[in-house]
Amino acid sequence: MSRSPITCHVLDSSIGKPAEGIEIALQVLDASTSGNTVEVFQSIAKGVTNSDGRCIDLLPPRGSDEAVKAKTDLEAGQTYKIIFKTKPYFEKTNRKSFYPWVEIFFNIENPAEHYHIPLLISPYSFTTYRGS
């Protein structure tokens, strides 16, 4: 089975459960703005975490007709940004949060690899790492 080349998983460490319903946006750096005072990112995908806190269908599978049509195949050396909108999630659970969203920047070294981005959140902290 083919899968999105970029997936993510959000866990609410303050309650020890997956974070369902978090909106996610994936963006790519516009190479023409690299090195400028303001670098511009272009949106390429959106998703929402499922009941297990995962978003596994952010992009069409690598090399599929959909990916070619949408120009979403990953590029080596390119910088991407994934944005997790955490404030609405915490508001739904009647909690305040310090961070309205979390932005994680990362570089693609090998487009043939799978990139998994886990995010651990609580109302006043977050942490991430490159998963497998």
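Residues numbered from 1 in each chain as written. Predicted model: local features only at pLDDT ≥ 70, side-chain atom pairs only at ≥ 80, totals over all residues. Heavy atoms only, no water.

What follows is about the state of the cysteines. A full pass over the atoms with the stated rule returns zero disulfides. Not engaged in a disulfide, the cysteine Cys8 finds its nearest cysteine sulfur in Cys55; these two sulfurs lie 4.8 Å apart. On the basis of relative accessible area, Cys8 is assigned to the buried category, the value being 0%. Using a relative accessible area of 1% as the deciding quantity, one classes Cys55 as buried. (Disulfide = S-S within 2.5 Å. Buried < 20%, exposed > 50% of the residue type's maximum accessible area, 1.4 Å probe, protein only.)

How two aromatic rings sit relative to each other is set out by the distance from centre to centre and by the angle between their planes. Tallied over the full model, the rule gives five aromatic pairs. Here Tyr89 and Phe90 contribute two aromatic rings whose centre-to-centre distance is 5.1 Å and whose plane-to-plane angle is 70°, an arrangement assigned as edge-to-face. For the residue pair Tyr89 and Phe90, the accessibility class agrees, reading buried in each case. Here the aromatic residues Phe98, Tyr99 and Phe126 are joined through ring pairs into a cluster of three or more. Over the ring of Phe41 we find Lys81, and its NZ or CZ is 4.6 Å from the ring centre. (Phe/Tyr/Trp six-rings, centres within 6.5 Å; stacked < 30°, edge-to-face > 60°. Lys NZ or Arg CZ within 6 Å of the ring centre and 35° of its normal.)

With that settled, the discussion passes to the confidence of the model for the protein chain. When pLDDT is low, close inspection of the predicted coordinates is not appropriate. Mean pLDDT over the protein chain: 90, with 93% of residues reaching 70 or higher. Per-element mean pLDDT across the protein chain ranges from 62 in helix 1 (residues 65-70) up to 98 in strand 2 (residues 17-18). (pLDDT = per-residue confidence, 0-100. Helix = DSSP H or I, 4+ residues; strand = E, 2+ residues; numbered from the N terminus.)

A word on the pairing of strand 8 (residues 115-122). Put simply, side chains in a regular strand alternate between the two faces of the sheet. With seven of eight residues buried, strand 8 lies mostly within the body of the structure. Judged from the seven bridges that link them, strand 1 (residues 6-12) and strand 8 form a sheet pairing that is parallel. Looking at strand 8, one finds that Val10 is bridged to Leu119. In the sheet, strand 8 pairs with strand 9 (residues 125-128) via four bridges, with the strands oriented antiparallel. Each residue of the ladder has a partner; that of Ser122, found in strand 9, is Ser125. (Pairing = 2+ DSSP bridges.)

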